[in-house]
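Single-letter residue listing:
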Amino acid sequence: MTGARQLLAVLAACTVSVFAIALAQEAPAPADAEAAQVQDAQVQEQVAETETATGPEAEDAPAAKADNDYVDLRRARPITGNVAAGQAKAEVCAACHGPQGISIAPAFPNLAGQHADFLYWQLVEFKRSPDSPMSPLVADLSDEDMRDLAVYYAGLAPTPAPADPDAEAEPADPALLQRGEQLYLTGDPAKGIPPCQGCHGVDARGHADARRADSSGHTPYAAWPALRGQQAMYLQTKLGEYRDGAMDDSTTDFIMTGIGHRLDDDSIQALAAWLSSLPPAH
Ligand code: HEC
Ligand code: HEC
């Protein structure tokens, strides 16, 4: 566990103790994703660099994670769910992620307007791996619950976070923001950092082809997250986890881990500062 993860775990434990989990259902999540080629050349390159991505295929990912076992999202199908049901199930989530999917503290990610497929597969991964503060919160959710919650949060308007009264009112350093923007748009060849926009979109709303299905009805980029307007502290923690190799439960984890390895503390800080400064947008 990294220090940041421990902090998250403590924060989560404190908040959870106040809220009972009202959602108790059956059944583990079937990961109905089969193995196949990813079309995008840039991605193929990234995946090829990731030795772990050549492991066994996981057509029906088991509910609990075993060694060398991961969810293969390269041929995932678009998820569907019931927004109204999701809203009803989201009461317990508001404690940390806010009543409208804008989180109440910078350590918790905003969920409003995020791609439904990304939200769903994150929940599946939390259920498979016991080491996230989210893991106990999803333990009793059914596959249907997770789909409903994902489509509900995806449909909420991503509004700017309310000003934190405890936050220091210092404006972000313009040079830091500029460095973040530059890294996002053009990468840093000297450090081997690829441009983030190739995968997260020029406007950081997710992959340009997120909603495009291939001829077999698969949406290989649907679970690639939007980043704009996300909480800076959360982005920093997450990028540190990819860098440290803590994320290893899906083909998408492997892709982002390949990038994370190239990032140093300064790059992470600049990227998180710039991305969080962007006004959220659908
Ligand atoms: C106690 C606080 C807390 C509660 C309650 C909570 N979460 Fe979370 N959530 C977190 C934290 C902390 C993370 C970051 C976890 C990590 O990175 O391992 C997170 C991450 C997530 C993510 C991943 C988002 C991303 O951008 O990667 C999703 C999706 C999510 N939560 C959904 C939910 C849903 C749905 C509920 C209600 C069933 C819920 N959360 C309840 C604290 C909470
Ligand atoms: C080759 C494609 C690719 C590139 C390039 C890329 N990413 Fe990612 N990124 C992904 C994928 C796929 C995921 C989903 C990973 C997962 O499932 O956990 C992801 C996840 C993330 C997340 C987690 C978001 C969340 O809400 O949990 C962050 C933050 C992130 N990327 C930032 C960056 C930054 C910053 C860069 C540029 C330095 C970058 N990415 C470059 C593909 C890419």
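Note that this is a predicted model, so its numbers are computed, not measured.

### Comments concerning the overall build of the protein
Looking only at helices and strands, the protein has twelve helices and two strands in total. Taken from N to C terminus, the helices and strands of the protein fall in the order α-β-α-β-α-α-α-α-α-α-α-α-α-α. Taking all 282 residues of the protein together, the buried fraction comes to 50%. If you sum the accessible surface of the protein, you get close to 13700 Å²; carbon and sulfur atoms cover 56% of it.

### Brief notes about unusual backbone geometry
Of note in the backbone geometry, A204 takes a positive phi value of approximately 60° without being a glycine. Positionally, A204 belongs in the loop between α9 (197-200) and α10 (232-243).

### What to know about the coordination of the iron atom of ligand 1
Bound to the iron atom of ligand 1 on the protein side are H97 (NE2) and M134 (SD), at distances that span 2.0 to 2.2 Å. Coordination at the iron atom of ligand 1 is octahedral, judged from the six donor atoms that bind it and the angles of 84 to 178° they form at the metal. Pair noted here: H97 is in helix α4 (residues 94-97) and M134 is in the loop between α5 (116-128) and α6 (135-138), with a separation of 37 residues, a long-range link.

### Quick word on the site of ligand 2
By nearness alone, 22 residues border ligand 2, and C196, C199, H200, Y242 and M256 come closest of all. In the environment of ligand 2, an oxygen atom lies 2.7 Å from a nitrogen or oxygen atom belonging to the side chain of D253. Class assignment of the residues belonging to the shell around ligand 2 gives a composition of 16 nonpolar, four polar and two charged.

### With respect to helix α12 (residues 265-277)
For α12, built from 13 residues, the straight-helix expectation of 18 Å at 1.5 Å per residue is met to within 8% by its first-to-last C-alpha distance of 18 Å. Against α8 (174-186) and α10 lie the buried residues of α12.

### Notes on the coordination of the iron atom of ligand 2
At 2.0 to 2.2 Å from the iron atom of ligand 2 lie its protein donor atoms, namely H200 (NE2) and M256 (SD). Seen from the iron atom of ligand 2, its six donor atoms lie at angles of 87 to 178°, and the figure they make is octahedral. Residue H200 is located in helix α9, and its partner M256 is located in helix α11 (residues 251-260); the two are separated by 56 residues in the primary sequence. Each member of the pair, H200 as well as M256, is classed as buried.

### Considering the confidence of the model for the protein
Here the protein shows a mean pLDDT of 80. Residues at 70 or above account for 72%. Predicted confidence for residues 6-62 stays below pLDDT 50, and this span has 109 contacts to residues more than four positions away or in other chains.

### Quick notes on the pattern of salt bridges
By the definition in use, this model includes 13 salt bridges. D188 is paired through a salt bridge with R179; the nearest N and O atoms lie 3.0 Å apart. Linking K191 and D264 is a salt bridge whose minimum nitrogen-to-oxygen distance equals 2.9 Å. In this pair, K191 sits in the loop between α8 and α9 while D264 sits in the loop between α11 and α12, placing the two residues 73 residues apart along the sequence. Residue classification places D264 among the partly exposed positions, given a relative accessible area of 27%. One network of salt bridges, with partners in common, ties together D69, R128 and D249.

### Comments concerning the packing of aromatic side chains
Under the definition given, this model contains five aromatic pairs. Ring geometry for Y184 versus W274: centroids 5.4 Å apart, planes at 45°, classification tilted. Pair noted here: Y184 is in helix α8 and W274 is in helix α12, with a separation of 90 residues, a long-range link. Given a relative accessible area of 0%, Y184 falls into the buried group. Their ring planes at 85° and their centres at 5.0 Å tell us that Y221 and W224 sit as a pair that is edge-to-face. Comparing Y221 with W224 shows no difference in burial state: the two are buried. Positioned over the ring face of Y120 is R147, at 4.5 Å from the centre of the ring.

### Re the side chain of S103
Tracing the chain through its elements places S103 in the loop between α4 and α5. On the basis of relative accessible area, S103 is assigned to the buried category, the value being 5%. In terms of polar contacts, S103 uses its side chain to reach the backbone carbonyl oxygen of A105, at 3.2 Å. When neighbours within four sequence positions are excluded, S103 is seen to be in contact with C96, H97, G98, F108, P109, N110 and Q231.

Reading the values: rules and limits
Residues numbered from 1 in each chain as written. Chains lettered and ligands numbered in written order. Predicted model: local features only at pLDDT ≥ 70, side-chain atom pairs only at ≥ 80, totals over all residues. Heavy atoms only, no water. Helix = DSSP H or I, 4+ residues; strand = E, 2+ residues; numbered from the N terminus. Buried < 20%, exposed > 50% of the residue type's maximum accessible area, 1.4 Å probe, protein only. Areas by Shrake-Rupley, 256 points an atom, 1.4 Å probe, with all protein chains shown as cover. Donors = N, O, S within 2.8 Å, 3.2 Å for Na, K, Ca; no water. Tetrahedral: all angles 85-135°; square planar, octahedral: opposite > 155°, others 65-115°. Near = heavy atom within 4 Å. Polar contact = N/O pair within 3.5 Å; in protein donor to acceptor, adjacent residues only side chain to side chain. Nonpolar A, V, L, I, M, F, W, Y, C, P; charged D, E, K, R; others polar. Expected span 1.5 Å × (residues − 1). Contact = heavy atoms within 4.5 Å. pLDDT = per-residue confidence, 0-100. Salt bridge = Lys/Arg side-chain N within 4 Å of Asp/Glu carboxyl O. Phe/Tyr/Trp six-rings, centres within 6.5 Å; stacked < 30°, edge-to-face > 60°. Lys NZ or Arg CZ within 6 Å of the ring centre and 35° of its normal.

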